[in-house]
Amino acid sequence: MDKQQKDLLQTNIILNSVADGVFTVDDEWKITFFNQAAERITGIKQEDALGNMCRDIFHSSICDGSCTLRQCIEKDCSITNKSIFIITPDGNKVPVSISASPLKDDAGNIIGGVEVFRDLSEINELRKQLTKSYTFQDIIGKSKPMQHIFQILPNIAKSNSTVLLLGESGTGKELVARAVHNLSGRKNKPLVAVNCGALPDTLLESELFGYKAGAFTDAKKDKPGYFARAEKGSIFLDEIGDISPALQVKLLRVLQEKTYEPLGATSSVKADVRVIAATNKDLEAMVREEKFRNDLYYRLNVIQLKMPPLRERKEDIPLLADHIIQRFNSIKGKNILGLSQHALALLMKYDYPGNVRELENIIEYAFILCEEGLILAEHLPEKFAPRFTDSGTKHISSNFTLDEVKKQAVLDALERNGWKRMATCRELGISKGTLRRMIEQYQISEPK
Amino acid sequence: MLALAVFEERISSIFDNSNELVLVSRKGEQWIKQPRMKISTHCIEGLVQDFKRIGIKVLICGAISGCLQRVIESQDIYVIPWISGRVDDVLLAYQDGDLSCFVMPGCRGCKRRSPAKKMK
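Please read these numbers as outputs of a predicted model, since none were measured by experiment.

A. Geometry of the interface of chain A and chain B. Residue-level contacts link 19 residues of chain A with 19 residues of chain B. Between chain A and chain B, a total of about 1500 Å² is buried, with carbon and sulfur atoms accounting for 61% of that surface. Counting the contacts that link chain A with chain B gives two salt bridges. Across the salt bridge formed by A:Asp64 and B:Arg10, the nearest N and O atoms sit 2.9 Å from each other. Our enumeration of links across chain A and chain B arrives at five residue pairs in polar contact (both at pLDDT 80 or more). Where the side of chain A that touches chain B is concerned, the elements lending two or more residues are helix 4 (54-58) and strand 3 (79-87) of chain A. Of the residues forming the side of chain A that touches chain B, the biggest block, three residues, is contributed by helix 4 of chain A.

In structure tokens, the structure reads:
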């Protein structure tokens, strides 16, 4: 056996021992190598594969017109981690992640290509299981406060009492309102959502309670309001803290007497509607300041649920990000695999004043810049460490001294952590004393 | 009516992603090619309804997932899957009653109700 044969045998042994499927093709797209993992994943035996066109063996979702290997060979480049699916001879659809590169001879001429593919079935199954246990009626979270909400929501829903949802904007109050409705005995009747802050007071009143013909100049015929439309169902009154004192009185009457009067009506209408109200304002403080009626507050506040802001449940960020990425993948027809470690680390450090909605916007932005594979740090909006690349290396001019680099690192960490020294110490992995000394040494001061 | 799921001038590699059909009708002993037809496999219900409406009795295609094959077969459409090759060659072989030369390597006998030879 000559050296070349020995090398080839050794290469075959190595490639047959790896867990990923590997095949190579010549310049006519005929398979020249097919390892054991490729046999296992595709369900095609090596003897059937060798010498045949790769598309007749691989049966993948990209074989007709979007072949990755072809792109690599034509552009002389490598492509990694593209998610596709293949169909095995027993009819199973198998999700795989592929990477492809051209193969060259000693003179650098392209003589074919190599494709490596990994079976993602198990990962996808685990992901589904994981998401299932941390998902409740479209609400996602594994953090303690969210798990607590998941636990009590079914009982709250069944109680038929008025629910007051508190929480910052973007924390998912409407999702919870929908969950309360869907889990209640009213689920087959409508859930009508009204944003009380979006309409001027007079219009809101007529929209909520409806009007009779002739109630005002343009009222040509009767129009039922949101309460009528939600009859026997639920009404979700978002931004309840924004309604006027006059409307507060009318709403109080609905809650107390279960009746209301449409504009221009001479008699009351009965209402069998469950009220779910929400606000991002401090209603208690508004009651103290006499901006909100205390009797209405107590009528609304039968069951109170407080949605935690995202910064208080950061352990949910990877799960939420994954869910949002999967959703955008299906909406936008992309195959983004997830977040790189560095991009995730940056997202974990951020405080999200806009909560989950802001996280959604950040990922939507990244989807524009990221074509495929993983979302990298450079795909995130400018505010996320713009001077860092995904390798975590900062673009620092070679003229910088070690002290200047240290100073910049401390300054950046302080800014990221809102000048909280303990948080900065944790991020930098240094003691409080070391941080204090560095601040003094580099004369760092908080901007006024 | 016979339908072949195609990509350009060959049978498409997988039916689950296919977006074009070549339709062939039979008048006595004569086979007549119809204009190509665009399809979407994203909505299986709509696809099956289209198949029924056009009167497709036999579908020749490449790889196909088991669930899609079962749905189509449930509408009394005979599926001949795991076929590759140029459309005209496959059509001729089908008219001769023997597609065995066009079965994808390693897929002989895969989820087919009866050998391709018997279908006509």
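From this point, the discussion proceeds with the structure in view.
B. Seen up close, the environment of B:Ile56. Residues and elements named next belong to chain B. Mapped onto the elements of the fold, Ile56 is located in the loop between helix 1 (44-54) and strand 6 (58-60). With a relative accessible area of 4%, Ile56 lands in the buried category. Excluding residues that lie within four positions of it along the chain, Ile56 makes contacts with Met1, Ala3, Leu21, Leu23, Phe51 and Ile77.

C. Geometry of the side chain of A:Glu358. All names here are of chain A. For Glu358, the position within the fold is in helix 16 (residues 355-369). In terms of polar contacts, Glu358 uses its side chain to reach the side chain of Lys383, at 3.0 Å. What Glu358 contacts, discounting residues up to four positions off in sequence, is Tyr350, Tyr352, Pro353 and Lys383.

D. Layout of the pairing of strand 3 of chain A. Residues and elements named next belong to chain A. Among the nine residues in strand 3, seven count as buried, and that is most of the element. Looking at chain direction, strand 3 and strand 4 (residues 93-104) are connected through seven bridges and run antiparallel. Among the inter-strand pairings, Ile79 is bridged to a residue of strand 4, identified as Ala100. The turn linking strand 3 back onto strand 4 is made up of five residues, and Gly91 within it adopts a positive phi angle of 90°.

E. Examining the nonpolar core more closely. Within the largest apolar cluster, 51 residues are counted, with the highest numbers of intra-cluster contacts made by A:Phe23, B:Leu4, B:Ile60, B:Ile83 and B:Leu99. With residues near it in sequence (within four places) discarded, A:Phe23 still touches A:Ile31, A:Phe33, A:Phe34, A:Cys54, A:Phe58, A:Leu69, A:Gly113, A:Val114, A:Glu115 and A:Phe117. Formed by 32 residues, the second largest nonpolar core is a distinct cluster that contains A:Leu204, A:Leu251, A:Leu252 and A:Val273.

F. Highlighting helix 1 of chain B. Residues and elements named next belong to chain B. Inspection of helix 1 places Leu47, Val48 and Phe51 among the buried residues, and these make up the whole buried set. The buried residues of helix 1 all sit within an arc of 95° when viewed along its axis, so they share a single face. Every exposed residue of helix 1 that faces more than 90 degrees away from the buried side is listed here: Glu45, Gln49 and Arg53. Summarising the contacts, the buried residues of helix 1 are in contact with strand 3 (20-27), strand 6 and helix 2 (66-73). In the stretch just after helix 1, Gly55 is the one whose phi turns positive, near 90°.

G. Just a nonpolar patch on the surface, in detail. Judged by side-chain polarity, A:Met1, A:Leu9 and A:Ile13 come together as a nonpolar surface patch covering roughly 350 Å² of accessible area. Examined against the element boundaries, A:Ile13 turns out to sit in helix 1 (residues 3-17).

The rules we used
Residues numbered from 1 in each chain as written. Chains lettered and ligands numbered in written order. Predicted model: local features only at pLDDT ≥ 70, side-chain atom pairs only at ≥ 80, totals over all residues. Heavy atoms only, no water. Contact = heavy atoms within 4.5 Å. Buried area = accessible area lost by both parts, 1.4 Å probe. Salt bridge = Lys/Arg side-chain N within 4 Å of Asp/Glu carboxyl O. Polar contact = N/O pair within 3.5 Å; in protein donor to acceptor, adjacent residues only side chain to side chain. Helix = DSSP H or I, 4+ residues; strand = E, 2+ residues; numbered from the N terminus. Buried < 20%, exposed > 50% of the residue type's maximum accessible area, 1.4 Å probe, protein only. Pairing = 2+ DSSP bridges. Core = buried A, V, L, I, M, F, W, Y, C linked by side-chain atoms within 4.5 Å. Arc of directions from axis to C-beta. Patch = residues over 30% accessible without salt bridge, like charges linked within 9 Å, V, L, I, M, F, W, Y side chains within 5 Å. Areas by Shrake-Rupley, 256 points an atom, 1.4 Å probe, with all protein chains shown as cover.

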